[in-house]
Amino acid sequence: MSKYYYDPENRRPYKERMRNRCIAALVFIALCTLIGSCIFSENDEQASESQATAQAAPQAPETKAVQDSTPTATATTTKEIVTPTKPDTSDISNTQATIAAAVSPENPPEVEIIDSTHIKKQKNVFLAEKIDNMLRRFKPMHSAVLVVDPHNNEIIAWGETKDYKVQNVPDFFARNTFPAASLAKTITIAAAMESNRYSLNTPIPMKGAHHTLYKNQLRVPENYTGPTIELQDAYAKSANPPLAIIGMNVGAQKLKNAAKNLGYNMNFPSGVPGFSTYNPPDSGYGLAEASCGFTEATTLSPLLAAAQVRSILEKKPLEIPWAKDMEPYIPSKRIALDVGKFSENTYYGLREAMIRSITNGTARKHISTRNMARKNFNALNIGGKTGSLDGHDPYGRYEWFMGFAQAKEDPSKSIVLVIVQIHDLQGLRSQPACQVAAMIINYWAHQNLWSK
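These lines cover the structure that appears in this document, whether it is placed above or below. Given the structure is predicted, the values throughout are model-derived calculations rather than measurements.

Take the packing of helix α4 (residues 125–138) against helix α14 (residues 433–448) next. Put simply, α4 and α14 touch, their axes get as near as 11 Å, and they point 155 degrees apart. The angle between α4 and α14 falls in the class roughly antiparallel. When the axes of α4 and α14 are compared, the crossing they make is right-handed. Contacts between α4 and α14 pair Phe126, Leu127, Lys130, Ile131, Met134, Arg137 and Phe138 from the former with Val436, Met439, Ile440, Tyr443 and Gln447 from the latter. Split by residue class, the contact of α4 with α14 holds nine nonpolar, one polar and two charged.

Below, the structure written as structure tokens:
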């Protein structure tokens, strides 16, 4: 029997045969690719050499026609005289200038010089540097970031931009031209709970969209059986119609009393911060607008917003935050105000409503584990309020976040945070204020919650 006789019982296993076939196919394809690349590379080299030869060849010489006329000649003959061409020095210089202009642009980009003097003067230098880096990275048109220690009410870090540039002085913090937007809803639910007619779970009629405020959304019949929303959810989700209905039911005078306890319509020592305005009319659509912050007439300064959050968190009367060596932009000592104090029930309701904004409201998306470490997010009680509205001084879209972060195991570890950003209505917007807040809280938590 021949040794090449096919023996099906002794042939190699199926997997091994398939593997060998794949290897053979890959080797064949590789060889074909190699041969093809060699062939085409030779053609490309020949084509490039011929093109280079054609470019290097001298241009066609210029000719002059000279008539050689003789008496006996019956026709004129033309002789061609070859005159070699010389390169023009002006053409060479123009070409060199064009290449130089293309390589080095006429207006090189401006190099930003970072001045860290204002960072070194702040109490928490590392947190101040983090805020400064974020502002230079996100580039909001105008912004103010304020971080306060609620126990002694001292400003521990801040940052500010104006016309997309980081500032060395915090002149935005005391400014009173910023519309309060939905932050004014804090006044409404405070007045509602002080009236003892509302609680966090009180159902409020909810007609239409949250972000609109039409007159037909305010007309609620006595036998209304439509959809409702709880007071805490209306605040957390920043729903305009329910808060407007609450304000109209409570009345302008109780709203003004609650606003006074929160520092509105007050002249502060040395004019710092500025006079924040809250003047709702006695009735009508204007009262509804003021109750939900749907008006530019209600203004708020970042310093006063920080004082409001600190008052809610600590359950104490209002005090303006202070800092060393920052006059006249920020007070140099604690300023106790002659204002009343809310009831314990109201402080509790305000705090829980702000926490609801993080867990079930407008800040839920960004103040979460998307922008915070999970261990930090789970270790903190975070509350806040968002707001947005168009304004004119400076002109743009105002975006607010005011809130707090407090350790669950050790409540003495806490911060108050206020962020206001003003975006160009026709341009691109920077990162949302809630996302900036989450990143700052996360950095502070890494610094203070865990042992080094």
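What follows deals with the layout of surface pockets. Size it by volume and the largest pocket reaches roughly 490 Å³. As for the largest pocket, its lining consists of 26 residues, and the residues nearest its centre are Thr386, Gly387, Ser388, Leu389 and Arg397. Of all the secondary structure elements, the ones that give two or more residues to the lining of the largest pocket are β10 (380–392) and β11 (395–407). Tallied by class, the residues present in the lining of the largest pocket amount to eight nonpolar, 13 polar and five charged.

Attention shifts here to empty space enclosed by the protein. Empty space among the atoms becomes visible once a probe the size of a water molecule is rolled across them. Counted according to the given criterion, the structure contains one cavity of 30 Å³ or more. Roughly 30 Å³ of internal volume is contained in the largest cavity. Lining the largest cavity, in full, are His118, Ile119, Gln122, Ala128, Ile131, Asp132, Leu135, Trp158, Gly159, Glu160 and Val166. For the lining of the largest cavity, the secondary structure elements donating two or more residues are α3 (117–120), α4 and β4 (154–162). Residue contributions to the lining of the largest cavity peak at four residues, all from α4. Its residues assigned to classes, the lining of the largest cavity comprises six nonpolar, three polar and two charged.

A few words now on α4. Over its 14 residues, α4 extends 20 Å from the first C-alpha to the last, a length consistent with the 20 Å expected when each residue adds 1.5 Å. Buried within α4 are the following residues: Leu127, Ala128, Ile131, Asp132, Met134, Leu135, Arg136 and Phe138. Looking at the buried side of α4, the elements it contacts are α3, β3 (142–149), β4, β5 (165–166) and α14. One or two residues past the end of α4 sits Lys139, with phi positive at roughly 55 degrees.

Cut-offs used in this document
Residues numbered from 1 in each chain as written. Predicted model: local features only at pLDDT ≥ 70, side-chain atom pairs only at ≥ 80, totals over all residues. Heavy atoms only, no water. Axes fitted to C-alpha atoms, helices over the stretch in contact; angles between N-to-C directions. Helix = DSSP H or I, 4+ residues; strand = E, 2+ residues; numbered from the N terminus. Parallel < 35°, antiparallel > 145°, perpendicular 65-115°, else oblique. Left-handed = near helix turned anticlockwise from the far one by under 90°. Contact = heavy atoms within 4.5 Å. Nonpolar A, V, L, I, M, F, W, Y, C, P; charged D, E, K, R; others polar. 1 Å grid on protein atoms, 1.4 Å probe; cavity = no way out; pocket = protein on both sides within 12 Å on 5 of 7 lines; lining within 4 Å. Points joined across faces, edges and corners; volume = space filled by probe spheres on them. Expected span 1.5 Å × (residues − 1). Buried < 20%, exposed > 50% of the residue type's maximum accessible area, 1.4 Å probe, protein only.

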